[in-house]
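Structure assessment
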Amino acid sequence: MLSRLADVLVPAVGRLTVTTDVGAACAPGSIIAANHTSLADPAVVLAALRCLGVRPVVMAAAGLWRIPVLGRALAREGHIPVYRGDRRAADALDLAVAAVKEGRQVLIYPEGGLPLRRGVGEAPPRSFRTGLARLVERTGAPVVPVGQAGARRIASGNAAKQLAGVVTAPLRRPRLHVHVGAPLTSTGDHGECTAQAHRAVSAAWRTAAGHLGEPCTQPVVQGLAGAAGGSPRASRPARRRTPSDGRG
C-alpha cells in the first residue's frame, strides 16, 4: 500500500526522475540505504523504487504507528517501527534481520533522523549510526545505496513551513531525483562497513543533486580518513516521470 500510495501522490506534488548505476539491482534480501533530509523523502524514494519494481519493508519512526489508519496498514504490511532511545530499539534490528532472511528488501535510513538545518538546499549525508553495519553483520546482505534530492522542496523547516510546502507543492511541482547505486558487499568490521556505505550513499546523493543542478559540497567522510568517495559509475535513466519544461 505504501508503495502504491507514494506512486500516486509523488507525481501530484513534484516531477520525479530516476537513474541507476550500471549494474544496480535491488535483489531479494537486499538492504537499501538512503539519505534522509525531509519528511517527504520516504515517499519520493518509495515511488522511485516502485519504478524499478521494488516494494521494500521500511524501517520508520515508531510514532507513525500511532496514526490510526496508517498504523494499521504499516503493521499489516510488515513495516518496522524504530523506537529511538527506548528499550524496544533492539526489536527493530531483529525484525529487519528476519525480513532480509525472508527475501524481502529492507529500506533503512542510516543517519537515524532528520537534519536540523534550515532552508531547502541540498547538503551531504550526515554521519551514519551503527544500525546498518549491525544489520549487514547479522545477514551478510548486500547494501544498495540510494541518493535522493529535492524532497526538501516539498517539506522542510518548522511545522508551519512544512504544511505550506506540501499545500503549495502541486502548484510549484518541484523537481525530484533519485539515484540508485550498484550494490556493495562489506566484509570488514562495523567501522569499515559504515564508511563504505556512507561513501556510496554520498556518491548517489551527489548524482541526484547534480541532476537538479544543486551544488554538491564535499561530503563528511565517516570512518576512513581521506576517503571522500569516488565518482559514481556511468548511470542510465530508469524511468522519467517529469515533463521536459519548467524548473523546480
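Just so it is clear, the model here is predicted, and its values are computed rather than measured.

Moving on, we get to the overall build of the protein chain. Each helix and strand counted, the protein chain has 7 helices and 8 strands in total. For the protein chain, with 248 residues in total, the buried portion stands at 51%. Partitioning the contacts of the protein chain with sequence separation of at least 6, the portion at a separation of at least 24 is 79%. Summing over all exposed atoms, the protein chain offers an accessible surface of approximately 11,500 Å²; the carbon and sulfur share of this is 56%.

The subject of this paragraph is the packing of helix α5 (residues 131–139) against helix α7 (residues 190–211). Taken N-terminus to C-terminus, the directions of α5 and α7 make an angle of 115°; their axes are 9 Å apart at the nearest point. The pairing of α5 with α7 is recorded here as roughly perpendicular in orientation. Between α5 and α7 lies a crossing whose hand is right-handed. Contacts from Leu-132, Ala-133, Arg-134, Val-136 and Glu-137 in α5 reach His-190, Cys-193, Thr-194 and Ala-197 in α7. Per-class residue counts for the contact of α5 with α7 are 5 nonpolar, 2 polar and 2 charged.

The tally for this structure, following the rule as stated, stands at 3 salt bridges. Two residues, Glu-111 and Arg-126, come together in a salt bridge whose shortest N-O distance is 3.3 Å. Of this pair, Glu-111 sits in the loop between β5 (106–108) and α5 while Arg-126 is found in the loop between β5 and α5, placing the two residues 15 residues apart along the sequence. Relative accessible area serves as the criterion here: at 4%, Glu-111 is assigned to the buried category. Across the pair Glu-214 and Arg-153 runs a salt bridge, and its minimum N-O distance is 2.7 Å. With Glu-214 in the loop between α7 and β8 (235–240) and Arg-153 in the loop between β6 (143–149) and α6 (159–172), the pair connects residues that are 61 residues apart, well separated along the chain. Here Glu-214 and Arg-153 have matching classes, each one buried.

Here we come to the environment of Asp-41. Examined against the element boundaries, Asp-41 turns out to sit in helix α2 (residues 41–51). Residue class for Asp-41 comes out buried when judged on its relative accessible area of 0%. Spatially, the C-alpha atoms of Asp-41 and Val-178 are 9.7 Å apart, while their sequence positions differ by 137 residues.

What follows concerns α7. Its 22 residues place the ends of α7 32 Å apart at the C-alpha level, agreeing with the 32 Å of an ideal helix rising 1.5 Å per residue. Among the 22 residues that make up α7, 17 are buried, leaving the element largely enclosed by the rest of the structure. The N-terminus of α7 is capped by Asp-189, whose side-chain oxygen sits 3.2 Å from the backbone nitrogen of Gly-191. With its phi angle positive at about 75°, Gly-213 sits one or two positions after the end of α7.

Among the residues making up helix α4 (residues 89–101), those that are buried are Ala-92, Leu-93, Ala-96, Val-97, Ala-99 and Val-100. On an axial view of α4, the arc spanned by its buried residues comes to 165°, and they lie on one face. Looking at the buried positions of α4, the neighbouring elements they touch are β2 (31–34), β3 (57–61), β4 (80–82), β5 and α5.

Okay, the packing of α4 against α5 next. In a packed pair of helices, the relevant descriptors are the angle between the two axes and the axis-to-axis distance. With their axes 10 Å apart at the nearest point, α4 and α5 run at an angle of 45° to one another. When the interaxial angle is binned, α4 and α5 end up oblique. Note that α4 runs across α5; the crossing there is right-handed. Across the interface between the two elements, Leu-93, Asp-94, Ala-96, Val-97, Val-100 and Lys-101 of α4 pack against Gly-131, Arg-134, Leu-135, Arg-138 and Thr-139 of α5. Taken together, the residues of the contact of α4 with α5 sort by class into 5 nonpolar, 2 polar and 4 charged.

Moving on, we get to the confidence of the model for the protein chain. Of the residues in the protein chain, 86% reach a pLDDT of 70 or more, and the chain-wide mean stands at 83. Confidence drops under a pLDDT of 50 for residues 223–248, and excluding neighbours within four residues, the segment shows 60 contacts in the predicted structure.

Our focus in this paragraph is the side chain of His-177. By secondary structure assignment, the location of His-177 is in strand β7 (residues 175–180). Only 2.5 Å separates the side chain of His-177 from the side chain of Thr-17, close enough to count as a polar contact. Leaving out residues up to four positions away in the same chain, His-177 has contacts with Leu-16, Thr-17, Val-18, Thr-19, Gly-147, Gln-148, Ala-149, Ala-208, His-211 and Leu-212.

What you tend to see is this: most non-glycine residues have negative phi, and most peptide bonds are trans. The phi dihedral of Arg-173 is positive, around 45°, even though this residue is not glycine. Position of Arg-173 relative to the elements: it lies in the loop between α6 and β7. Arg-173 sits in the partly exposed class, given a relative accessible area of 25%.

Rules behind the numbers
Residues numbered from 1 in each chain as written. Predicted model: local features only at pLDDT ≥ 70, side-chain atom pairs only at ≥ 80, totals over all residues. Heavy atoms only, no water. Helix = DSSP H or I, 4+ residues; strand = E, 2+ residues; numbered from the N terminus. Buried < 20%, exposed > 50% of the residue type's maximum accessible area, 1.4 Å probe, protein only. Contact = heavy atoms within 4.5 Å. Areas by Shrake-Rupley, 256 points an atom, 1.4 Å probe, with all protein chains shown as cover. Axes fitted to C-alpha atoms, helices over the stretch in contact; angles between N-to-C directions. Parallel < 35°, antiparallel > 145°, perpendicular 65-115°, else oblique. Left-handed = near helix turned anticlockwise from the far one by under 90°. Nonpolar A, V, L, I, M, F, W, Y, C, P; charged D, E, K, R; others polar. Salt bridge = Lys/Arg side-chain N within 4 Å of Asp/Glu carboxyl O. Expected span 1.5 Å × (residues − 1). Polar contact = N/O pair within 3.5 Å; in protein donor to acceptor, adjacent residues only side chain to side chain. Arc of directions from axis to C-beta. pLDDT = per-residue confidence, 0-100.

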